[in-house]
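# Results of the structural survey
The residues making up each chain are set out below.
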Amino acid sequence: MVNLTRIYTKTGDDGTTSLGDMSRTSKNDPRLEAYATVDEANSSIGVVLSTDELSDDVRALLVRIQNDLFDVGADLCTPVVDSPAFEPLRVLDSQVEYLEAAIDKYNSELESLRSFVLPSGTPAAAHLHVARTVVRKAERRTWAAIHAFGGGVSPITAKYLNRCSDLLFVLARYSNKEIGDQLWVPGANR
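About the criteria used
Residues numbered from 1 in each chain as written. Predicted model: local features only at pLDDT ≥ 70, side-chain atom pairs only at ≥ 80, totals over all residues. Heavy atoms only, no water. Helix = DSSP H or I, 4+ residues; strand = E, 2+ residues; numbered from the N terminus. Salt bridge = Lys/Arg side-chain N within 4 Å of Asp/Glu carboxyl O. Buried < 20%, exposed > 50% of the residue type's maximum accessible area, 1.4 Å probe, protein only. Phe/Tyr/Trp six-rings, centres within 6.5 Å; stacked < 30°, edge-to-face > 60°. Lys NZ or Arg CZ within 6 Å of the ring centre and 35° of its normal. Axes fitted to C-alpha atoms, helices over the stretch in contact; angles between N-to-C directions. Parallel < 35°, antiparallel > 145°, perpendicular 65-115°, else oblique. Left-handed = near helix turned anticlockwise from the far one by under 90°. Contact = heavy atoms within 4.5 Å. Nonpolar A, V, L, I, M, F, W, Y, C, P; charged D, E, K, R; others polar.

Turning our attention to the environment of Asp 39. Mapped onto the secondary structure, Asp 39 falls in helix α1 (residues 30–49). Between the alpha carbons of Asp 39 and Gln 66 there is a distance of 9.2 Å; along the sequence they are 27 residues apart.

So this is what it looks like as structure tokens:
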């Protein structure tokens, strides 16, 4: 369990921060960029949850995703090493599989797409689209960290983020189920 007794420590005033294994790194480290963007994504989902338009099942799913995103951040901030002193928290394939099942469930209730969807609709749907784009950004930052540190960063984190953004897209469409999708019309304004 995490126990936070002090909010500020002043240890980052020199432009460094601690990773999960207590090693210090630059605040420009690609791993920090990745898990900080995961935090941004989590906050975006919090905005979605502040709307009163979500069904109980979607609300519970989003809270579960928020919790999982903390797991993703914990995984990203703890370097992958052989024989760690303490077993680190890692994202599991089962968490990715859960997202895939949720994508299939909610997508099965939607009409097939005929074009790209414009990010709009109900406030919940619009906020889900914003959260989706932030999760995509977190995925790109995670791939940058994976490429920078090779085996030192778990690729399952990027896989989780990829599926998470797909699910948020489906949930945005699901939130617009009553009003329908606003579709892109290529070249409509030429």
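Following the structure, the description resumes.
By the definition in use, this model includes 10 salt bridges. With a shortest N-O distance of 2.6 Å, Asp 29 and Arg 31 are connected by a salt bridge. One salt bridge in this structure joins Arg 163 and Glu 100, with 2.9 Å as the shortest N-O distance. Here Glu 100 lies in helix α3 (residues 93–107) and Arg 163 lies in helix α5 (residues 156–175), a separation of 63 residues in the sequence. For Glu 100, a relative accessible area of 27% corresponds to the partly exposed category. Members of the salt-bridge network, linked through shared partners, are Arg 136, Glu 139 and Asp 166.

So, about the packing of aromatic side chains. All chains considered together, the criterion is met by 2 aromatic pairs. Their ring planes at 80° and their centres at 4.9 Å tell us that Tyr 106 and Tyr 174 sit as a pair that is edge-to-face. Of this pair, Tyr 106 sits in helix α3 while Tyr 174 is found in helix α5, placing the two residues 68 residues apart along the sequence. Like Tyr 174, Tyr 106 is buried. Consider the rings of Phe 116 and Trp 184, whose centres lie 5.7 Å apart with planes at 50°: the pair is tilted. Residue Phe 116 is found in the loop between α3 and α4 (123–149), and its partner Trp 184 is found in the segment after α5; the two are separated by 68 residues along the sequence. The exposure class of Phe 116 is exposed, given its relative accessible area of 61%. In this structure, Arg 64 packs its charged tip against the face of Tyr 98, placed 3.3 Å from the ring centre.

At a closest axis distance of 9 Å, the pairing of α3 and α5 adopts a crossing angle of 20°. It follows that α3 is roughly parallel to α5 by the angle criterion. Seen along the crossing, α3 lies across α5 with a hand that is left-handed. Contact residues: α3 offers Asp 93, Gln 95, Val 96, Leu 99, Glu 100, Ala 102, Ile 103, Tyr 106 and Asn 107, while α5 offers Ile 156, Lys 159, Tyr 160, Arg 163, Cys 164, Asp 166, Leu 167, Val 170, Leu 171, Arg 173 and Tyr 174. Looking at the contact of α3 with α5 residue by residue, the classes come out as 12 nonpolar, 2 polar and 6 charged.

What follows is about the environment of Tyr 174. Looking at Tyr 174, the relative accessible area reads 19%, which means it is buried. Once the C-alpha coordinates of Tyr 174 and Glu 111 are considered, the two residues, 63 residues apart in sequence, prove to be 9.8 Å apart. Those residues in contact with Tyr 174 that sit more than four places away from it in its chain are Val 58, Tyr 106, Glu 109 and Leu 110.

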